[in-house]
Amino acid sequence: SFLAGLLNAQPLGFYSPSQLVQDARRHGVNVHPPDVMASLWDCTLEDRPGAEEARLKKLRPDQPAVRLGLRLIAGLSRHVADRIVQARQEALFINVDDLARRASLDQSDMRALAAGDALMSLSGHRRQQVWEASALHRTPSLLRDAPVDEAWLDLPHAPEGEEIVFDYASLGLTLRSHPLALLRPKLREQRLSSARDLRDLPNGRLAKACGIVTVRQQPGTASGVTFVTLEDETGTVNVVVWTHVRDRHRQALLHARLLAVYGVWQREGEVRHLIAHYLHDMTPLLGRLATTSRDFH
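Residues numbered from 1 in each chain as written. Predicted model: local features only at pLDDT ≥ 70, side-chain atom pairs only at ≥ 80, totals over all residues. Heavy atoms only, no water.

## Things to note about the sheet that holds strand β2 (residues 44–46)
And step 1. Taken together, the 3 strands give an open sheet; going across it, the order is β1-β3-β2, and neighbouring strands pair in mixed fashion. Either end of the sheet is taken by a strand with one partner, and the two such strands are β1 (31–32) and β2. (Pairing = 2+ DSSP bridges. Helix = DSSP H or I, 4+ residues; strand = E, 2+ residues; numbered from the N terminus.)

What follows is the structure in structure tokens.
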């Protein structure tokens, strides 16, 4: 319930929806995608997973799942979501045509739902959703109860990388593989460690890490020191950037979305961070992936 509440908060504060969801999943919380057949506007809790599902997915069997709300879908309004929920309460949707007619959705609404992968229960994978959504238009009142019967076109699945790009564009997060899991072979070639690799590294050891920038902070009490949080598929790395390093690598520090950091690992008890000596912008590796960070709030 705490995670669902944080995801419903506007604004979310220090953490992005992606950070909250990634951390929850690493701790065994099952998170379901937004779905017109199950989601409300807000994120909600669902029944606990069965014992077999919990075992296969390494989930906690005593913990309910979180269903992402329709509020996370870019371009979808509260009024549209309310119409979907109201129509679903009257009767479950049969297909996307039934959804569009009974919830009075236009093509823009349907495309937003398809982009957010929220039509999966009705259409299957995202390419199929986008195809069906593109063919629908708002139905005149006179024809509201007249279903459209068209031949089925079976499209191939999109590669996972393409699906992840669309997830981030619509939801700002993904429930598929973390983007850096796909990039890990390239990062390994450059001897860039993951957050998990660094966790137990001895204090004072030279280290190299790379992650998606999720936070940049420069508190007024920190004498110009910048704090950066990097996220990868295994966790987060906290980076400390002293002023002389900031001045040398200002462009990478301020603009990189995927950042490589070379420096010294400091570890004292449970407090761990990477003291940056050199920063390198690796954003081109993200391609079309749209990520955001919370900068200097």
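## Considering the packing of helix α6 (residues 107–115) against helix α8 (residues 126–134)
Each pair of packed helices can be described by the angle between their axes along with the distance between the axes.
And step 1. Relative orientation of the contacting elements α6 and α8 amounts to 180°, with a least axis distance of 9 Å. With respect to their mutual orientation, α6 and α8 come out roughly antiparallel. Residues Gln107, Met110, Arg111, Leu113, Ala114 and Ala115 of α6 form the contact with α8, whose participating residues are Arg126, Gln129, Val130, Ala133 and Ser134.
And step 2. Of the residues assigned to the contact of α6 with α8, the class counts are 6 nonpolar, 3 polar and 2 charged. (Axes fitted to C-alpha atoms, helices over the stretch in contact; angles between N-to-C directions. Parallel < 35°, antiparallel > 145°, perpendicular 65-115°, else oblique. Contact = heavy atoms within 4.5 Å. Nonpolar A, V, L, I, M, F, W, Y, C, P; charged D, E, K, R; others polar.)

## Structural notes on unusual backbone geometry
And step 1. You will see that Ser104, though not glycine, has its phi angle at about 55°, which is positive.
And step 2. With respect to the helices and strands, Ser104 occurs in the loop between α5 (96–102) and α6.
And step 3. For Ser104, a relative accessible area of 28% translates into the label partly exposed.
And step 4. The phi torsion at Arg191 lies on the positive side, around 60°, for a residue other than glycine.
And step 5. Mapped onto the fold, Arg191 is located in the loop between α10 (179–189) and α11 (195–199). (Buried < 20%, exposed > 50% of the residue type's maximum accessible area, 1.4 Å probe, protein only.)

## Digging into the environment of Arg250
And step 1. Examined against the element boundaries, Arg250 turns out to sit in helix α13 (residues 250–255).
And step 2. Taking the relative accessible area as the measure of exposure, Arg250 reaches 41% and is therefore partly exposed.
And step 3. Arg250 sits 29 residues away from Leu279 along the chain, and the two C-alpha atoms are 8.9 Å apart.

## As for the pairing of strand β5 (residues 226–232)
And step 1. β5 sits mainly inside the fold: 6 of its 7 residues count as buried.
And step 2. Bridge count between strand β4 (residues 206–217) and β5: 5 bridges; the pairing is antiparallel. Opposite Gln217, over in β5, you have Phe227 as the bridge partner.
And step 3. Between β5 and the antiparallel strand that follows it, strand β6 (residues 235–241), lie 2 residues.

## A look at the nonpolar core
And step 1. Leu68, Ile84, Leu99, Met110 and Leu113 are the most contacted members of the largest nonpolar core, which totals 39 residues.
And step 2. Counting residues per element, the ones that place at least two in this core are α1 (2–8), α2 (17–26), α4 (78–90), α5 and α6.
And step 3. Setting aside residues up to four positions removed in sequence, Met110 forms contacts with Val96, Leu99, Ala100, Leu105, Leu119, Ala133 and Leu136.
And step 4. Grouped together as the second largest cluster of nonpolar side chains are 21 residues, Ala195, Val213, Val239 and Leu274 included. (Core = buried A, V, L, I, M, F, W, Y, C linked by side-chain atoms within 4.5 Å.)

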